[in-house]
Amino acid sequence: DAGVIQSPRHEVTEMGQEVTLRCKPISGHNSLFWYRQTMMRGLELLIYFNNNVPIDDSGMPEDRFSAKMPNASFSTLKIQPSEPRDSAVYFCASIQGGLGYTFGSGTRLTVV
Amino acid sequence: AQKVTQAQTEISVVEKEDVTLDCVYETRDTTYYLFWYKQPPSGELVFLIRRNSFDEQNEISGRYSWNFQKSTSSFNFTITASQVVDSAVYFCALSETSNSGYALNFGKGTSLLVTP
């Protein structure tokens, strides 16, 4: 299995632009998580899906952030409009029934 | 409130020394899971171990060992005979079955530097 695949690996964008991060979970995994890593806050959960349904989005910082999972093999995290404080590494992870917790390589986002 | 505390922010050791990374957690669940991840300079999160709350048996994997003690809510990680390649940030994490379906609460991490 190729593991959890995230794209792009790096993204540099200007403040105010829309940014879309993508994630392909491991086939067969039924839960998907989006985490954000910053120096100030460490690794924090943004949102998680179970069987493609958003279950807990309490970690999404504000309305500028949205996430979707249209099918079992694809999820997106969108920021619109982006701000410099959104600069971070965004990780996607997937599991099956609590097992096999696997992270993608992350997307390093820089908003200038 | 921080559910996972890694009190050591940075540790520096010389190669071949043993080093223990501390992790203290807080939960009211009787069923929970504890994890350790390694984040090398390249940035990816590498899974090291997962333990459930009913299994307090210590585990050894090569130079790595883990000591899980429910009485002190600790899940410490020891690297024996450290090597330069062990230099990384190590994260301890807690997953509570009562909260957000296996979502991980991470500690702040311990940055380990192993020098030759």
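Above this text you will find the structure in question.
The structure displayed is predicted, hence computed values, not measured ones.

S.K.: How would you summarise the overall build of chain A if you had to cite specific residues and measurements?
M.R.: Along chain A, the regular secondary structure elements total zero helices and eleven strands. Secondary structure elements in chain A, listed N-terminal to C-terminal, are β-β-β-β-β-β-β-β-β-β-β. Taking 13 Å as the expected radius of gyration for a compact globule of 112 residues, we find that chain A reaches 13 Å, a close match to that expectation. Taking the principal axes of the C-alpha coordinates as reference, chain A spans close to 40 × 25 × 25 Å. Across the 112 residues that make up chain A, the buried fraction comes to 49%. Sequence separation of at least 24 residues holds for 53% of the intrachain contacts in chain A that already meet a minimum separation of 6. On chain A, roughly 5400 Å² of surface is accessible, and the fraction owed to carbon and sulfur atoms is 50%. In chain A, 10 side chains carry a positive charge and 11 a negative one; their mean positions are 4 Å apart.

S.K.: Got a sec to walk through the state of the cysteines? Specific residues and values, please.
M.R.: According to the stated counting rule, one finds two disulfides over all chains in the structure shown. At a sulfur-sulfur separation of 1.9 Å, the disulfide partner of Cys-23 of chain A is Cys-92 of chain A. Its S-S torsion of about -70 degrees marks the bond between Cys-23 of chain A and Cys-92 of chain A as left-handed, since a negative value means left-handed. One end of the pair, Cys-23 of chain A, is in strand E3 (residues 19-24); the other, Cys-92 of chain A, is in strand E9 (residues 88-96), and 69 residues separate them in sequence. For Cys-23 of chain B, the disulfide goes to Cys-92 of chain B, at an S-S distance of 1.9 Å. A torsion of -65 degrees about the S-S bond marks the disulfide between Cys-23 of chain B and Cys-92 of chain B as left-handed. Here Cys-92 of chain B lies in strand E10 (residues 88-96) and Cys-23 of chain B lies in the loop between strand E3 (19-21) and strand E4 (24-25), a separation of 69 residues in the sequence. For the pair shown, Cys-23 of chain B and Cys-92 of chain B are each scored as buried.

S.K.: Can you explain the environment of Glu-17 of chain B? Please cite residues and give values.
M.R.: All names here are of chain B. Of note, Glu-17 is situated in the loop between strand E2 (10-14) and E3. By relative accessible area, which is 37% here, Glu-17 ends up partly exposed. Put simply, Glu-17 and Thr-30 are 13 residues apart on the chain and 36 Å apart in space, counted from C-alpha to C-alpha. Residues in contact with Glu-17, not counting those within four places in the same chain, are Ile-79, Thr-80, Ala-81 and Ser-82.

Cut-offs applied
- Here, residues in each chain are numbered from 1, in the same order as that chain's written sequence.
- The order in which chains are written sets their letters, starting at A; the order in which ligands are written sets their numbers, starting at 1.
- Totals for whole chains, interfaces and linings use every residue, but because this is a predicted model, local features are given only for residues with pLDDT of at least 70 and side-chain atom pairs only at 80 or more, for both listing and counting.
- Hydrogens and water are ignored here; the side-chain numbers use all heavy atoms of the structure.
- Secondary structure elements are taken from DSSP: a helix is a run of H or I of four residues or more, a strand is a run of E of two residues or more, and numbering for both begins at the N terminus.
- C-alpha atoms define the radius of gyration in this analysis, and the globule rule sets the expected value at 2.2 Å times the number of residues to the power 0.38.
- Note on classification: 1.4 Å probe, protein chains only; a residue is buried when its accessible area is under 20% of the maximum for its type, exposed when over 50%, partly exposed between these limits.
- Here, residues are in contact when the closest pair of their heavy atoms is within 4.5 Å.
- In these tables, accessible area is a Shrake-Rupley quantity obtained with a 1.4 Å probe, and a residue counts as shielded only by the protein chains included in the view.
- Neither His nor the chain ends contribute to the count of charged residues, in which Lys and Arg are positive and Asp and Glu negative.
- We put the charge of a Lys on NZ, of an Arg on CZ, of an Asp on CG and of a Glu on CD.
- In plain terms, two cysteine sulfur atoms within 2.5 Å form what is called a disulfide here.

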